[in-house]
Each structure stands twice: as structure tokens, then as C-alpha cells.
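# What the coordinates show
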Amino acid sequence: MFLNIIDKTKKDKISGTILSLFLALLIMIPTSYAYGALTCSVTTVGSCTGTVILRMSGSTNAHAELPSQSNVNYDNNVVCCTGILSIGNSCSGNYEILGRISSATNAHMQETSVNTYGSNVCLSDSVTANEISSGYQDNNCSGYDTTLLSLSGSDNATLGDGSAYTRKLCATIIPLSINFSISANTVNFGNLSAGASRYADTSTGSGTEVEAHTISASTNAPSGYVLSVDGTTLTYGGNTIDAIGGTNTAPSVGTEQFGLRASVTSGTGTVTSPYAASGFALDTGSFPDELASGAGDNSNTVYSVRYVGNIDSNTAAGAYVAHINYVVTGTF
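Below: a short report on this structure. Remember, it's a predicted structure, so these values are computed and weren't measured experimentally. (Residues numbered from 1 in each chain as written. Predicted model: local features only at pLDDT ≥ 70, side-chain atom pairs only at ≥ 80, totals over all residues. Heavy atoms only, no water.)

The subject of this paragraph is the overall build of the chain. Helices and strands together make up the secondary structure of the chain, namely zero helices and 26 strands. Burial statistics for the chain: of 332 residues in total, 47% are counted as buried. A sequence separation of at least 24 residues applies to 74% of the contacts in the chain between residues at least 6 apart. A total accessible area of about 14,000 Å² is found for the chain, and carbon and sulfur atoms account for 48% of it. (Helix = DSSP H or I, 4+ residues; strand = E, 2+ residues; numbered from the N terminus. Buried < 20%, exposed > 50% of the residue type's maximum accessible area, 1.4 Å probe, protein only. Contact = heavy atoms within 4.5 Å. Areas by Shrake-Rupley, 256 points an atom, 1.4 Å probe, with all protein chains shown as cover.)

Let us now look at the environment of L169. Here L169 is to be found in strand β13 (residues 167-174). When its relative accessible area of 1% is taken as the criterion, L169 is described as buried. Residues L169 and G99, spaced 70 residues apart in sequence, show a C-alpha to C-alpha distance of 8.6 Å. Non-local contacts of L169, meaning those with residues more than four positions away in its chain, are made with L98, M109, G135, Y136, C141, T146, T147, L148, L149 and L151.

This part covers the side chain of T214. In this structure, T214 sits in strand β16 (residues 213-219). The contacts of T214, once residues within four sequence positions are left out, are S181, I182, S183, V302, Y303 and S304.

Applying the stated criterion across every chain yields a total of four disulfides. There is a disulfide in this structure between C48 and C80, and the S-S distance comes to 2.1 Å. Because the sign of the S-S torsion sets the handedness, a value of about 85° for the bond joining C48 and C80 places this disulfide among the right-handed ones. Within this pair, whereas C48 is found in the loop between β2 (39-43) and β3 (51-56), its partner C80 is found in strand β5 (residues 78-82), the two being separated by 32 residues in sequence. C48 sits in the buried class, given a relative accessible area of 15%. What links to what in the chain: the bonded cysteines, counted in sequence order, pair as 1-4, 2-3, 5-6, 7-8. (Disulfide = S-S within 2.5 Å.)

Moving on to the nonpolar core. Soluble globular proteins: nonpolar side chains tend toward being buried together. L227, F258, Y307 and Y326 are the most contacted members of the largest nonpolar core, which has 40 residues in total. C40, L123, A157 and L159 belong to the second-largest nonpolar core, a separate cluster that totals 28 residues. (Core = buried A, V, L, I, M, F, W, Y, C linked by side-chain atoms within 4.5 Å.)

Before going further, it helps to spend a moment on the sheet that holds strand β12 (residues 159-160). Strands sit in the order β10-β13-β11-β12 across an open sheet of four strands; the sheet is antiparallel. Pairing within the sheet leaves two strands with one partner each, and these edge strands are β10 (131-138) and β12. As paired strands, β10 and β13 are joined by eight bridges and run antiparallel to one another. Its bridge partner lying in β13, Q137 is registered against K168. (Pairing = 2+ DSSP bridges.)

Spelled out as C-alpha cells, the structure:
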């Protein structure tokens, strides 16, 4: 597509009717959070620039205390996690129990599955869509983001840093991601006529239905994503070309119409009625209107989008422009 938003070279040609398609993306991700890989290490409380998950009395053969405690002899060996600004050590909201200790301080630790100690050690994330997972395995934390600590056994265990014992406590946080791309930002109909339908493309339009551009979308949000459309119909000054409406409709030569339809080129997403059939729709009355949806499995779907334009014999001549916005929203 041409990257100009409005083709200004056509403004003085009253015989031409041009569609300029502006595509805007809104991604519903909290922009105040920095997303990266979770990284944890044992360091001093003064050197921890992230979140303290657990405090230990030493780097090996150690007892544990909760991060809410402040005994000085635990200050030099704290499990400190960084990499994602939204993490915390709360045991409420979006959280994972990493293990349990026998008391708030001077405690032994047990793996989560044992479940006889009363004090939980937790990793939390204030972004509810971010997925937290943890586990125990021998020798390394392969398959996880990071190693938090190691234990002498699965129950009634002493603790140490990641290299102290064979048994490792591992964790991962998978941040919400939404991926979106569009193959171009402007398409044109060329000169519309009351005698034939026109279809938008990246050049000067076509008298034969063609693909105008593609949209690609994917997410790992638990309930997938919704791709919606809003904006304006074709407009020139105070004149408009009627949006085709909320019912899938075949092109009708000699009748004012502006509409779109979409289809899946590849992937598992689904186009929503009335945009999925062989006709066209543009339901400006219900904007923003759902165009498609997809699963939260990170699989990419490519959608093919097509536009039709028709005028009648009384349509005022001019350089008509429509601004169409596509919005991708993760659902949870």
C-alpha cells in the first residue's frame, strides 16, 4: 500500500473518488511494565534491585525466613528476583506458591507438594495475564527461566544458593504478548463509477475483487484475542458514501456502498459474522465491531481483507477518504 494517509495530489480532481485507508493499532498491554525474562540469584539485601522472595541464614546448610522478616543474620543471603517489574512476593492475586517453610523465621523448607508447613513462600505478578510457573528438579533448571535456590531434600530441608545442593527450585514467568502486523497502511479504489463496482488495492484500484492487504495477529492471553474494526465511512467534506451495513451484502452496482470482508489465509483464527461470508459489511452503527478472534496459543493467523466501493448517479464528485482503525485486544 502507499504509505501516505491522504493522497493530496488528487484533491483538486473532482472527478476522482479515492479511498485512503488509515490503520491504527491499540494493544491492551499495560505500558508501565518492562517485560523480560525472570532472573533470580542469591545476594545481599542491600544489593537486591528487585524483589526479595526469601531470606536465608547462609549460602548453604541454611535456615529460611519470610521476606517480611528482618533478622540481620539473614541479610547477606536473600533470594532476589528481577527482570520483570511487576513481580512481587505476595501470596494473593496472581501468584504461585514456590514452597513452604516451618515458621516465619529459623525455618526448614519443604517442596510445595508435601504441604505440611504453614508458611508459604510465593512469587506474584500484578499483571494478572502473566503466567507464573515453578517446579523442582535435579541438577539444573532446564526449561525454566531461572534457579531461585537449592534444597537438601524435598522435606525438612536446609537451603542454599543455586549451586549448594542437587535439588533446585525453578521458576518462569510468561508475560502477556500480543503480536500484530498489517501489510500496508493505505489502499485506493481509483475512480468510482455508477456503472461498475470498484475494489481497493495498493495501486489504483481494480474492477475485479482483489485482496487489499493482510492482517496478522497472535497472542498468549489465556482466552485469546479479539480483532475489531472502527473508523469512518468514505467522506468528502460534508458528503459521505453509505456504509454497506451490518448484514453481509453482495455488491450492488449503482447503489452507494462501502464495505469490507475478511477471510483466513493461514492459521486458526475465525472471522466474525457478518464479515465472514462472500458479501461485504461495514456496521458503523455498532463500532467498534468485532471482525475476528483467535486462541491464546501464540499461533499466528493471517487475515485477507477486501474492500468494495459503489456510488450512484447522484454521488457528489470528490476525493473521498475513509479512516479505518483495527484494534487487537487480549482477552483473559
